[in-house]
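Residues per chain are reported as follows:
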Amino acid sequence: MQSAVEVRDLTVAYRENPVLWDVDLDVMPGTLMAIVGPNGAGKTTLIKAILGLIKPAAGRIRILGKPYQKVASSVGYVPQRGSVDWDFPTSVMDVVLMGLYGRLGWIRRPGQSEHQVAISALKKVEMDDYSDRQISQLSGGQQQRVFLARALVQDADVYLMDEPLQGVDATTEHAIIEILHSLRSSGKTVLVVHHDLQTVTSYFDEVLLLNIRRIVSGPVSEVFTDENLRHTYGGRVAIIKNPA
Amino acid sequence: MEQFFNDYTLRTVVLGATILGGVSGVLGTFVVLRQQSLLGDAVSHAAFPGIGITFILTGSKVPLILMVGAGISGWLATAVILLITTHSRIKYDTALGLILSVFFGVGLVLMTFIQKSPNANQAGLDSFLFGQVASLVVQDVITMTVMGAIALVIVLLFWKEFKLLAFDREFAHSLVLPVRGLDFGLTTLVVIAIIIGLQTVGVVLMSAMIIAPAVAARQWTDRLGVMTILAMCMGALSGAGGVIFSISAPNLPTGPIIVMCATAIVGISLTAAPHRGILWQWIRRSLQNRKLRSEAVLMDLFDLARTHDSLEYPHMERALRVIYPQTGTLRRQLSRLEGKGLVSKKENGAWALTPSGVQLCHRLVNERIQ
């Protein structure tokens, strides 16, 4: 079977220091995978390299068997919430519509049908009442939902999400996880940078433990062990796992 | 005034200033939102040597030719800034400062050289420093109009791409939009907006015309489209107003007066605009403080009464004064609460919660738990 995401010997360097070093990864379609690792492990860099936002020093990345440029329309992206200025003068609806800009092509403006798509995505994240809101009036959890809605309208096969659960309230966390699970059930591949080790077991099928190098990846039940975690976090962190 | 509107030259000049203000307002919106406000300053200063070099090479003082030279020089500066930031450890703001002063320095050297050279034609070139409205002729205004119109049409055509670029560049990149090309295009438009104004406002102050209308417009709206149109109008108004003021009295420099008009608009917007204005925020904050202060007194009465059988159990002011040593503040809050029917004063001078006061306390407790 064709991998949804295939990474071979990926090395990314910032100046002389490797941020990612010789990373290999295979993600099968329909997998919900967490990317876990300490700060500075290169989790965001990996996502950005897969999206072609960062030029790797070496290595090869294929999505659905093709280079990113060829399949960009089948890839959805949820950046870190803090990566944009939420005081930007725009509305929730406008932000969600941005997910359709790639499909719209040059010059054409979003019309009636695009608004319908956006509204239905906002319904999925329970934000349809907020479509006219200025984005600076949103809470952190609501901002995250808007970003998720923007990715949903992309109607992609592969989703890359950078810390979608960072700093959100419990309700939002549950809502987002439900959406991730429904994406997975409809055959989509979802890679999620995740920071909360306690919830990895209950939320995800597979996990990639990353610390500049790939420590291990595979089904959570097999690879998410104390030993591997110690290896990833350098043995400095005591990790308490929830008995599932 | 009537004479003014009949004066052909004046109309020309005012029209020119209006166009320069409008165009720089529109492009400035994107500059400000992309947090590149200093870019305008660097570009306008960096355009200065271009004027000198063009004059030395061509001997021409035709504004269109000089503007092309200025544009190339200004644009070159942005390219050098980009090169420096991508290929060295020098930060963006440092690169801006460096390029601004180096280019401007070169420009001053060239201007001095030209002034001292035995060429009778050089007079008036130094007016590009602070702008010289009197030098504007119909042909210049036509040039400005055409260039400005092209810039505005391009902004309109690539509206959604520029919006996304300004809001979330990486997401734009992930949609395989050519972000480098869009950066290049937008920067080029900013350079055009700046050189349109050089003759009237001058290199030293032109960046104010990029930033000021956009900053002012941001205060009044939360929509990019409205903000852009407002910035255009405010820029145009400053341009026209500045010219009219500066020629109403002798010896007033045009550029600085235009910039002062724009500054006045910024000042009004920063203070008086609803929601974002300082005045508005101050009023809202003091209302909020007042509400919080009286709610605190109400909750204290509630806490005291909770130790008794009834939540409407009255307490003497003295009991509260332990918490609020300032008698005046406490009295004021109590009488405000009384006015709202939340507390009532008993015959013996003790204060008690009314039923609606108790109700509000329960609600506040619930809100705080959540």
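Described in the following lines is the structure provided in the data block. (Residues numbered from 1 in each chain as written. Chains lettered and ligands numbered in written order. Predicted model: local features only at pLDDT ≥ 70, side-chain atom pairs only at ≥ 80, totals over all residues. Heavy atoms only, no water.)

**Regarding the overall build of chain A**
How we decide: Numbering of helices and strands runs from the N terminus, with a helix taken as a DSSP run of H or I at least four residues long and a strand as a DSSP run of E at least two residues long. Two things to know: the radius of gyration comes from C-alpha atoms, and the globule rule equals 2.2 Å times the number of residues to the power 0.38. Think of it in three bands: with a 1.4 Å probe and only protein chains considered, a residue is buried below 20% of the maximum accessible area for its type, exposed above 50%, and partly exposed in between. In what follows, a contact means two residues having at least one pair of non-hydrogen atoms within 4.5 Å.
In terms of regular secondary structure, chain A is built from 10 helices and nine strands. Over its C-alpha trace chain A gives a radius of gyration of 18 Å, about what one expects of a compact globule, namely 18 Å for 244 residues. If one aligns the C-alpha atoms of chain A with their principal axes, the spans along those axes are about 50 × 40 × 35 Å. Within chain A, the proportion of its 244 residues that are buried is 53%. In chain A, the proportion of contacts linking residues at least 24 apart, taken out of those at least 6 apart, comes to 67%.

**Some words on the interface of chain B and chain A**
Selection rule: Buried surface area refers to the total accessible area, computed with a probe of radius 1.4 Å, that the two partners give up upon joining, counted for both partners together. The salt bridge definition used is simple: a Lys or Arg side-chain nitrogen within 4 Å of an Asp or Glu carboxyl oxygen. Polar contact is the term for a pair of N or O atoms within 3.5 Å; when the atoms are in protein, one must be able to donate a hydrogen and the other to accept it, and sequence-neighboring residues count only if both atoms are side-chain atoms.
With 29 residues of chain B in contact, the opposing surface of chain A contributes 38 residues. Summing the contributions of chain B and of chain A, the shared interface buries around 3000 Å²; its carbon and sulfur component is 61%. Along the contact surface separating chain B from chain A lie five salt bridges. In this structure, D168 of chain B engages R150 of chain A in a salt bridge whose closest nitrogen and oxygen atoms are separated by 2.8 Å. In this assembly, chain B and chain A are joined by 12 residue pairs in polar contact (both at pLDDT 80 or more). Top element by residues in the side of chain B that touches chain A is helix α7 (residues 159–167) of chain B. It accounts for seven residues.

**Quick look at the packing of aromatic side chains**
Under the convention used in this document: For Phe, Tyr and Trp, where Trp contributes only its six-membered ring, two rings pair if their centres lie within 6.5 Å, and the inter-plane angle classes them as stacked under 30 degrees, edge-to-face over 60, or tilted in between.
Scanning all chains against the criterion turns up 11 aromatic pairs over all chains. Ring centres 5.3 Å apart and planes at 55° place the aromatic pair F88 of chain A and F167 of chain B in the tilted group. Of this pair, F88 of chain A sits in the loop between β5 (75–78) and α3 (92–97) while F167 of chain B sits in helix α7, on two different chains. Ring-pair connections join several aromatic residues into one group, and the members of that group are W106 of chain A together with F30, F158, W159 and F162 of chain B.

**Brief notes about the layout of surface pockets**
Residues and elements named next belong to chain B. What counts here: A pocket here means an open set of points on a 1 Å grid, computed over the protein atoms alone, that has protein on both sides within 12 Å along at least five of seven lines. A cavity is instead a set of points where a 1.4 Å probe fits but cannot get out; residues with an atom within 4 Å of a point line either one. Grid points are joined across faces, edges and corners, and a volume is the space filled by probe spheres set on the points. Three residue categories are used. Nonpolar comprises Ala, Val, Leu, Ile, Met, Phe, Trp, Tyr, Cys and Pro, charged comprises Asp, Glu, Lys and Arg, and polar comprises the others, including Gly.
Within this model, the largest pocket holds a volume of roughly 2100 Å³. As for the largest pocket, its lining consists of 47 residues, and the residues nearest its centre are L82, T86, R169, R180 and D183. When residues of the lining of the largest pocket are assigned to their parent elements, the largest contribution, nine residues, is made by helix α4 (residues 63–87). Among the residues making up the lining of the largest pocket, the classes are represented as 23 nonpolar, 12 polar and 12 charged.

**Thoughts on a positive patch on the surface**
All names here are of chain B. Quick note on the threshold: Residues enter patches when their relative accessible area tops 30% and they take part in no salt bridge; the joining distance is 9 Å for like charges and 5 Å for the nonpolar side chains Val, Leu, Ile, Met, Phe, Trp and Tyr. Under the convention used here, a 1.4 Å probe and the Shrake-Rupley method define accessible areas, while residue burial counts only the protein chains that appear. Here Asp and Glu are counted as negative and Lys and Arg as positive; His is not counted, and neither are the chain ends. Here the site of a charge means atom NZ of a Lys, CZ of an Arg, CG of an Asp or CD of a Glu.
A surface patch of like charges, here positive, comprises R290, R293, R332 and K340. Examined against the element boundaries, R290 turns out to sit in helix α13 (residues 278–306). You can call R290 partly exposed: its relative accessible area is 42%.

**Side note on the nonpolar core**
Residue and element names in this part refer to chain B. Applicable threshold: Throughout this description, the term nonpolar core refers to a set of buried Ala, Val, Leu, Ile, Met, Phe, Trp, Tyr and Cys residues connected via side-chain atoms within 4.5 Å.
Judged by nonpolar contacts, the single largest core of 169 residues is most densely connected at L27 and L198. When near neighbours in sequence (up to four residues on either side) are disregarded, L27 contacts A151, V155, L186, L189, V190 and A193. Among the nonpolar cores identified, the runner-up in size contains 18 residues, and L301, L330, L334 and L353 belong to it.

**Observations concerning the pairing of strand β7 (residues 189–193) of chain A**
Residues and elements named next belong to chain A. Under the convention used in this document: A pair of strands is labelled paired if DSSP reports no fewer than 2 bridges between them. With the strands pointing away from the viewer, any crossover whose connection runs clockwise from the first strand over the helix to the second is right-handed.
Most of β7 is tucked away, with five of its five residues classed as buried. Burial of the side chains of β7 extends over both faces: T189, L191 and V193 are buried on one face and V190 and V192 on the other. Summarising the sheet, strand β3 (residues 32–36) and β7 pair through four bridges and their orientation is parallel. Its bridge partner lying in β7, A34 is registered against V192. Inspection of the sheet shows strand β6 (residues 158–162) paired to β7 by five bridges, in the parallel sense. What sits directly across from M161, in β7, is V192. Chirality of the crossover, the property in question, places the unit of β6, helix α7 (residues 170–185) and β7 among those that are right-handed.

**Some thoughts on the sheet that holds strand β4 (residues 58–63) of chain A**
Backbone hydrogen bonds hold the strands of a sheet together, and the pairing may be parallel or antiparallel. All names here are of chain A. For clarity, the threshold we go by: Note on definitions: angles span 0 to 180 degrees between N-to-C directions of axes, and those axes are lines fitted to C-alpha atoms, for helices only across the stretch in contact.
Spatial strand order, β2-β1-β4: three strands in an open sheet with antiparallel pairing. Taken across any chain shown, the strands that pair with only one partner, and hence form the sheet edges, are β2 (17–27) and β4. Averaged over neighbouring strand pairs, the angle between their axes works out to 20° when direction is ignored. Relative to β2, strand β1 (residues 5–14) is paired through seven bridges, and the arrangement is antiparallel.

**Some points on the pairing of β1 of chain A**
All names here are of chain A. Here β1 folds back onto β2, and the loop between the two strands holds two residues, one of which, R15, carries a positive phi near 55°. Where β1 lies against β4, five bridges are found, and the strand directions are antiparallel. Looking at β4, one finds that T11 is bridged to A58.

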